[in-house]
Amino acid sequence: MNQYVVDFDNPEAESLEQSGGKGANLAKLKRAGFPVPPGFIVTSRGYADFIGDRRQIEEAIAALPFGHPEKLVAAARELRATLSALPLPEAVASEVRTALRKAGKGAYSVRSSSTLEDLAGAAFAGQHDTYLNCSGEDEILSKIRDCFVSLWQDRAISYRHSKGFAPQMATMAVVVQKMVQCQVAGVGFSIDPISGKNTMLINSNYGLGESVVSGEAEVDQFVIDRDSRKIVDSFIAKKTVKIISDGAQGTKGMAPNAEESLRPSLDEQQIAAIADLMLRVEGWFRFPQDIEWGMEKGALYLLQSRPITSIAPRWTRDESAERYPTAMTPLPWDLIEEGFHKSIEYSFKLMGFPPFDGKWFAMFDNYIYGDQNAVRFYLGALPFTPIDAESLRAGISEFAKKNDWALTLPSEWMRGLDRYLLRLGALNSEPLGKTPAELWDYILRVSAGGEEYFRPNIAISITQSVLYRSLLGFIKIFAPEKAISIFDRLTAYCETKTSLVNRELKKLAELAGTEKNSAGKTLAELMRGSRSNALLTPGMLDNYPNFHQAFRRFLQDHGHREVEVDPYIPTWSGAPWVVLDNIKLILNAPAREDDMQVKKSASEAESELFAILPEDLHLFFREIIRLVRLYTELDDVEHYQTTRLHLPIRRGLEALGTLLAERGIVNDPLDVFFARKATLEACVNRERTWENLGEEIRANKEAYQFNRTRSPQWVLGEEANTASSGDDNELNGLAGSPGIAEGPAFIIESSDDFALFPHRAVLVARTTNPAWTPLFYAAAALVTESGGPLSHGAVTAREMKIPAVMSVRGVMNALKNGDRIRVDGGRGKVYMAIEK
């Protein structure tokens, strides 16, 4: 059994640690049936034995002078000279000779494959050596050693250091592959990495691909629409050089003839074939790819594929508006953003995605925007899309294998939740410090506890979305006409924290309707004629002791429930009148289906589905349905528990703001929310003056107050802000909950509007969150500016049996209170100017 050489067809070749990025990817693609030229990999174990246990080399690597570029060049040159004098271990050379004799005579390419290269965020393009058109065992063995040595090129050393990789982490494998004598070759990007638009790029030239990869020659460029596969733009260069094989050894450059120089190097049929190959490779990896390709005698070969490491962001509210519907203050966002992106990094690694080297969310003018290109590339494709029962059966095993982490994540998350709650309990009871430094340390410790807890939470949200979309797709295979109805009923009920909170609110409403004061008047009667704030006047609720006790207990249990995601806005415990407004809404609402009816409907949908399914797929569907419900519950409870951070964060920041107010830095203790984290930290560390902070806070507060009153652009930099279909009286969105209802529109900007919401009005909002659920009891229908079929609003609307249309861009500007509208939740349409 080989210790140092693995063939592409060997499953072990797919190991990144063993084959390096390039080698592992080629092995995966070869085994998946892509047109990869045959070859084998000299593994990183061969490199390890080549280096051996040599203290001199280890000391030289440890002593590399990263801070001194000129010294680094000299040190790297000396290290390479030392390594070049070493022979390949005979055991390695013997296995390579055997592999070459098995593969047959001919020319080969010998290419470096670092265990750190071809990872998203660390492409290492051009950092290590490649040798083309190599013939003969001795020549190929020499080039393998040269590839090992190229790990220590000064440019590669600097690049690894810039990416945060320790020098000792670097190892090298080598790909030895049958040479393709290309008549034309080049590179392709399955997405435009410059603009991020829905186009593909192909660069090409005659001869071997080195003239394109090196960037040193004029090349043709073709821009192809991803959907139609049609060429939308092209640039035909005056080509002055092409690289060809030079006899039995190496390559050489030569000038193309006059006719070749001006002629497109690819025809439309060849471009279509390359475009198709790019999309198939992207689909297989589920991520945009940068490929190298070549054509020999009309046959298209895939020579390399790696994730595209940098794509231009496209900032929109598509992904962010539901999480962050309103303007945010700067300091909480700085704290949230750091933890969110750490969760992205952790969750993507857990889920097998390439690392994300950028910002998923960013703040512009106090509104949070998402990079829609990143969302599309990471989350757009489902992991498993069978088209019939046969392909479903064939893919179940691989689907389960690739997603086995989803089975263990819930229990691991629960263990982390226990640690988080204990940590928060200690922080909430901890006496606060007396100095800015002590208070800032407290705030950072609260934030750190939240970051640790939140690390896997993005994976929970993504998994819930993937499971929902997958289950609907699986049902469509067997019941295409009934799929949406079955799916909606199956997923309408889950035992969530939000359900529990809503039941407790209903019980409070029932108590308000039955408990009477000494004059025989129920609290419900009093509530209907009073503002909720007035009911909280000391002594008012004492006349209703049972309600008052239950209300206090409710706030103790759920007072951390946020009204908005920004802790600048107080939670229920800081704004208890919001809870009373919710109770009023329940009191004024008609009776809805109770939980038992919804459960019964879900059970009937399950029976209907299993009567259709083949018996051998019952176990698979039961497990998918179980996971859908489990992750729905998890997604809800992780949000419920995350909002516990609001109380200690607000506690610490209010205390710090009070100190700043006493020093005359701010007028209001809450103004500290308008600081930036970096500036505040610099003041605490005495790197900047507190007066600098005060100036920044005043400017940021003024900007926030202005921005909060306006509707943000949906796509940053674009003026279009409406979802009109072309008919002035029709708005388009996404179907959220089926049914048709009419009523007057009522726009809810914040919890301040809850008490004003009219019975049987259409609830119009940027988005909703679990704290808004009681509004649904009084609403005829729901229309939101953001979200989709899996958002809180859509799920709750389906549970409440009211129509809902989601993601209607510009609806907050298109409608005003009192406009009579018709909501068609099944078609995702809102009709305006409706007459009674």
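Remember, predicted model here, so these are calculated numbers, not experimental data.

Asker: Hey, could you run me through the overall build of the protein chain in this one?
Answerer: Helix and strand counts for the protein chain stand at 30 helices and 24 strands. The C-alpha atoms of the protein chain give 31 Å as radius of gyration, which agrees with the globular expectation for 836 residues (28 Å, within 12%). By principal-axis analysis of the C-alpha atoms, the protein chain measures approximately 105 × 65 × 50 Å. Pairs at least 24 apart in sequence give 68% of the contacts found in the protein chain among residues at least 6 apart. Between the centroid of the 95 positive side chains of the protein chain and the centroid of its 110 negative side chains there is a distance of 2 Å.

Asker: Explain the sheet that holds strand β4 (residues 130-134) here, please?
Answerer: Adjacent strands of a sheet form backbone hydrogen bonds with each other and so pair up, either parallel or antiparallel. Pairing in this open sheet of five strands is antiparallel, and the strands run β1-β2-β5-β3-β4 from one edge to the other. The open sheet has two free edges, formed respectively by β1 (5-7) and β4, since each of these has just one partner strand. Neighbouring strand axes in the sheet, compared pairwise and without regard to direction, differ in orientation by 20° on average. For strand β3 (residues 108-114) and β4, the ladder comprises three bridges, and the chain directions are antiparallel.

Asker: Where do I start with the nonpolar core in this structure?
Answerer: The tendency in soluble globular proteins is for nonpolar side chains to be buried side by side. Core analysis: the biggest nonpolar cluster contains 143 residues, and Trp360, Ile475, Phe547, Trp572, Ile583, Phe621 and Phe757 have the highest contact counts within it. Per-element tally for this core: the top contributor is helix α16 (residues 457-478), with eleven residues. Excluding residues within four positions of it along the chain, Ile583 makes contact with Leu505, Leu508, Ala509, Met527 and Phe547. If you look at the next biggest cluster of nonpolar residues, it comprises 40 residues, including Tyr4, Ile57, Ile61 and Val96.

Asker: Where do I start with the packing of aromatic side chains in this structure?
Answerer: The way to describe two aromatic rings as a pair is by their centre distance and the angle between their planes. Tallying each qualifying case throughout the model produces 35 aromatic pairs. Look at Phe353 and Tyr378: their rings are 5.9 Å apart centre to centre, the planes differ by 80°, and that puts the pair in the edge-to-face class. On the criterion of sequence distance, the pair formed by Phe353 in the loop between α11 (330-351) and β15 (361-364) and Tyr378 in helix α12 (residues 372-379) is long-range, its members being 25 residues apart. Residue Phe353 is classed as buried on the basis of its relative accessible area of 11%. The exposure class assigned to Tyr378 is buried, which follows from its relative accessible area of 5%. Considering the side-chain rings of Phe474 and Phe620, the 5.5 Å spacing of their centres and the 55° angle between planes classify their relative orientation as tilted. Linking Phe474 in helix α16 with Phe620 in helix α24 (residues 618-642), this pair joins segments that are 146 residues apart in sequence. The same class applies to Phe474 and to Phe620, which are both buried. Chaining the aromatic ring pairs together yields one cluster made of Phe287, Phe348, Phe353, Phe356, Trp360 and Tyr378. Stacked on the ring of Trp284, the Lys or Arg Lys402 has its end atom at 5.4 Å from the ring centre.

Asker: Quick question: what am I supposed to make of the packing of helix α14 (residues 405-429) against α24 here?
Answerer: The axes of two packed helices give the description: the angle between them and the distance between them. For the pair α14 and α24, the least separation of the axes is 11 Å and the interaxial angle reads 20°. Considering the angle they form, α14 stands roughly parallel to α24. As for how α14 packs across α24, the hand of that crossing is left-handed. Contacts between α14 and α24 involve Ala406, Leu407, Leu409, Pro410, Trp413, Leu417, Tyr420 and Leu421 from the former and Glu623, Arg626, Leu627, Leu630, Tyr631, Leu634, Val637, Glu638, Gln641 and Thr642 from the latter. Classifying every residue of the contact of α14 with α24 by side-chain character gives 13 nonpolar, two polar and three charged.

Asker: Looking at this structure, how should I read the pairing of strand β16 (residues 367-371)?
Answerer: Successive residues of a regular strand alternate their side chains across the two faces of the sheet. Of all five residues in β16, five are buried; the element is thus mostly enclosed. Side chains of β16 alternate between two faces, with Tyr367, Tyr369 and Asp371 and Ile368 and Gly370 buried alike. With two bridges joining them, strand β14 (residues 315-316) and β16 adopt antiparallel strand pairing. Pairing of Thr316 across the sheet is with Gly370, part of β16.

Asker: How do you make sense of the confidence of the model for the protein chain when you look at a structure like this?
Answerer: A low pLDDT score tells you not to read the predicted coordinates there in detail. Averaged over every residue, the pLDDT of the protein chain is 88; the share at 70 or more is 96%. Here residues 118-126 is a poorly scored stretch, pLDDT under 50, and it has 34 contacts once near neighbours within four places are set aside; other chains count.

Asker: Got a minute to help me understand the environment of Leu208 in this structure?
Answerer: Its place among the elements puts Leu208 in the loop between β7 (199-206) and α8 (210-213). Each C-alpha atom, one on Leu208 and one on Met295, is 9.1 Å from the other, the two residues being 87 residues apart in sequence. Those residues in contact with Leu208, other than ones at most four positions away along the chain, are Leu132, Met179, Val180, Gln181, Cys182, Ala185, Ile243, Ile244, Ser245 and Thr251.

Asker: Please clarify how the sheet that holds strand β17 (residues 730-732) should be interpreted in this entry.
Answerer: One open sheet holds the eight strands; their spatial order is β17-β24-β23-β19-β20-β21-β22-β18, and the pairing between them is mixed. Among the strands making up the open sheet, the edge pair consists of β17 and β18 (734-737). Direction aside, neighbouring strands of the sheet carry axes that sit 30° apart on average. Bridge count for strand β19 (residues 740-748) against strand β23 (residues 820-824) is five bridges, and the pairing is antiparallel. Bridge assignment links Pro744 to a residue of β23, and that residue is Arg820.

What counts, and at which threshold
- Residues numbered from 1 in each chain as written.
- Predicted model: local features only at pLDDT ≥ 70, side-chain atom pairs only at ≥ 80, totals over all residues.
- Heavy atoms only, no water.
- Helix = DSSP H or I, 4+ residues; strand = E, 2+ residues; numbered from the N terminus.
- Rg over C-alpha atoms; globule rule 2.2 N^0.38 Å.
- Contact = heavy atoms within 4.5 Å.
- Lys, Arg positive; Asp, Glu negative; His and termini not counted.
- Charge placed at Lys NZ, Arg CZ, Asp CG, Glu CD.
- Pairing = 2+ DSSP bridges.
- Axes fitted to C-alpha atoms, helices over the stretch in contact; angles between N-to-C directions.
- Core = buried A, V, L, I, M, F, W, Y, C linked by side-chain atoms within 4.5 Å.
- Buried < 20%, exposed > 50% of the residue type's maximum accessible area, 1.4 Å probe, protein only.
- Phe/Tyr/Trp six-rings, centres within 6.5 Å; stacked < 30°, edge-to-face > 60°.
- Lys NZ or Arg CZ within 6 Å of the ring centre and 35° of its normal.
- Parallel < 35°, antiparallel > 145°, perpendicular 65-115°, else oblique.
- Left-handed = near helix turned anticlockwise from the far one by under 90°.
- Nonpolar A, V, L, I, M, F, W, Y, C, P; charged D, E, K, R; others polar.
- pLDDT = per-residue confidence, 0-100.

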